[in-house]
Amino acid sequence: PADPFGMIGLTYDDVLLLPGETDVVPSEVDTTSRLTRELNVSIPLVSAAMDTVTEARMAIAMAREGGVGILHRNLSIEDQAHQVDLVKRSESGMVTDPVTVGPYATLAELDDLCGRYRVSGLPVVDDGDRLLGIITNRDLRFVARADYERLRVHEVMTAQPLVTGPVGIDRSAAADLLAQHKVEKLPIVDGDGRLRGLITVKDFVKSEQYPDATKDGEGRLVVGAAVGFFGDAWERVTALVEAGVDALVVDTANGHARLMLDMVRRIKGDPGTAHVQVIGGNIATREGAQALVDAGVDAVKVGVGPGSICTTRVVAGVGVPQVTAIHEAAKACRPAGVPVIGDGGLQYSGDIAKALVAGADTVMLGGLLAGCDESPGDLVFVNGKQFKRYRGMASLGAMQSRGDRRSYSKDRYFQGDLSDDEIITEGIEGQVPYRGPLGPVAHQLVGGLHQSMFYVGARSVPELQARGRFVRITAAGLKESHPHDVQMVAEAPNYSAR
Ligand code: RVP
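Residues numbered from 1 in each chain as written. Predicted model: local features only at pLDDT ≥ 70, side-chain atom pairs only at ≥ 80, totals over all residues.

A. Spotlight on the nonpolar core. Counting 113 residues, the largest nonpolar core has Val223, Leu240, Leu248, Val300 and Ala329 as its most contacted members. Take this core: its biggest share by element is 8 residues, from helix 15 (residues 438-456). When sequence neighbours within four positions are dropped, the list of residues in contact with Leu248 reads Ala225, Val227, Val237, Leu240, Ile267, Val276 and Val278. (Core = buried A, V, L, I, M, F, W, Y, C linked by C-beta atoms within 7 Å. Buried ≥ 20, exposed ≤ 12 C-beta atoms within 10 Å, placed from the backbone. Helix = DSSP H or I, 4+ residues; strand = E, 2+ residues; numbered from the N terminus. Contact = placed C-beta atoms within 7 Å.)

Below, the structure is given as structure tokens:
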């Protein structure tokens, strides 16, 4: 080509947003945005499909805050499908397919089930799904642990007649019944006495506590999950869809790959899976985005190499600085009405608005969320300070198999055919400061976005995308942007020096 260097690649630290005329108050802005063609989120944040970031706990917390979590795929198919199940059952107006127990199960088996699904009690049904009773903490309070192997559910449960509701009962009638009878769980039964759902007090409290939660048509939390396209990938797709997943991310380090496009078409074309939203990625060019749009994706995920734990750009010498990558991808996605997810490289809340103005509709976060309580992994203490482990999915730790646990992370980087000692890593293993629960962390991130929108004079995300303008800065400008010439003496909730 005449000009082998083409365009200049810019990233978050290369640009700032221009302040503009405004009559917007930060607290009044609306951060609702499009995750995919058919799914909206009230905060434009997505937690990364990484094994140190998103399992069910994080996905539940993210959806409650109004964003969404993408369950990582470095798990067996059953385990990942179970994670979807945990999120879908976590809370809603009504659980349509509640976990149940049979009358002849032992209390030890019941205890196992409750632990596995993190619930405090279960409806008891016979083989024909007819409701026999309910067994909760209350029934178990005076039973000695030593008797758990011996006693069976029917000996301890609260048996019929129970307070139940009819199929189709509305929210307020259900709340009235729960209050009137001072019970915590309301089984929903049909005319034949068959269990058809369960409504719990906890769900009512939760839905008041999290008014902006991301929910599906049945009031269940929305969740996404990552899949690949090698080996048993189709089995994974169908298991996740069966478990009720709302969005599948066909997840690879190079989304501009023929196999990737085939998988997108297959999911979109199969009557059993076509109703699920499909996100494709990652790409970092306009052509890559166009190929995904043409294959029929419902959102495009952008990012090759910006991740805080990623070494692709040094190991392979490949990538596009993230603001330019998002901007280029949006050129293909915008005209087609396909939302863009800016994945990786965000260091501070201000980067969210920069991503949106560059052309993203949501951003995916790894490092900024890995320090939260809800991310997998224990706290580590180093010199009296608390950290949590955070590693790339292309790090040695994530790509190596352990015991009989196979790594599904290898094929994200097209290295499924390499043995463990041949792996070419493209990521590192590290740690990030412990940040406590997600709630306050999300509050600071979204609060920063509110401030951006106020400065730009935008009441909504589409307005921000339309009005926002960049100024390119130099290294001196970046130095000026950060605190300088002062020693920090107190910790700020949303700033730490890198
Ligand atoms: P960050 O938020 O900057 O920590 O980046 C997270 C993103 O990095 C992920 O969503 C993923 O796209 C990418 N990633 C994950 N693992 C690796 C790697 O090992 N190279 N990169």
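B. Layout of the site of the ligand. With respect to spatial proximity, 24 residues lie near the ligand, and among them Gly307, Gly366, Gly367, Gly392 and Gly427 are the closest. Residues belonging to the shell around the ligand are distributed by class as follows: 10 nonpolar, 12 polar and 2 charged. (Near = placed C-beta within 6 Å. Nonpolar A, V, L, I, M, F, W, Y, C, P; charged D, E, K, R; others polar.)

C. Region of interest: the UniProt feature "domain: CBS" (unreviewed entry) in the chain. Per the UniProt annotation, the sites labelled "domain: CBS" (unreviewed entry) are residues 94-153 and 157-214. In residues 157-214, the share of helix is 34% and the share of strand is 26%. The end C-alpha atoms are 35 Å apart. (UniProt positions renumbered as here; feature names shortened; annotations may be inferred.)

D. How the structure looks around the sheet that holds strand 20 (residues 429-433). Across the sheet, 3 strands lie side by side as 18-19-20; this open sheet has antiparallel pairing. Taken across any chain shown, the strands that pair with only one partner, and hence form the sheet edges, are strand 18 (379-382) and strand 20. Here the average twist between neighbouring strands, direction ignored, is 50 degrees. Relative to strand 19 (residues 385-391), strand 18 runs antiparallel, the two being bridged by 4 bridges. Residue pairing in the sheet places Val382 in a bridge with Lys385 of strand 19. (Pairing = 2+ DSSP bridges. Axes fitted to C-alpha atoms, helices over the stretch in contact; angles between N-to-C directions.)

E. Representation of the UniProt feature "binding site: K(+)" (unreviewed entry) in the chain within the structure. Per the UniProt annotation, the sites labelled "binding site: K(+)" (unreviewed entry) are Gly305, Gly307, Cys310, Glu480, Ser481 and His482. In sequence the annotated residues extend across 178 residues, and in space they extend as well, their farthest C-alpha pair lying 26.9 Å apart. Here Gly307 is to be found in the loop between strand 15 (299-302) and helix 11 (312-315). A tally of 28 C-beta atoms within 10 Å means that Gly307 is categorised as buried. For Gly307, the contacting residues outside a window of four places in its chain are Gly344, Gly345, Gly366 and Gly392.

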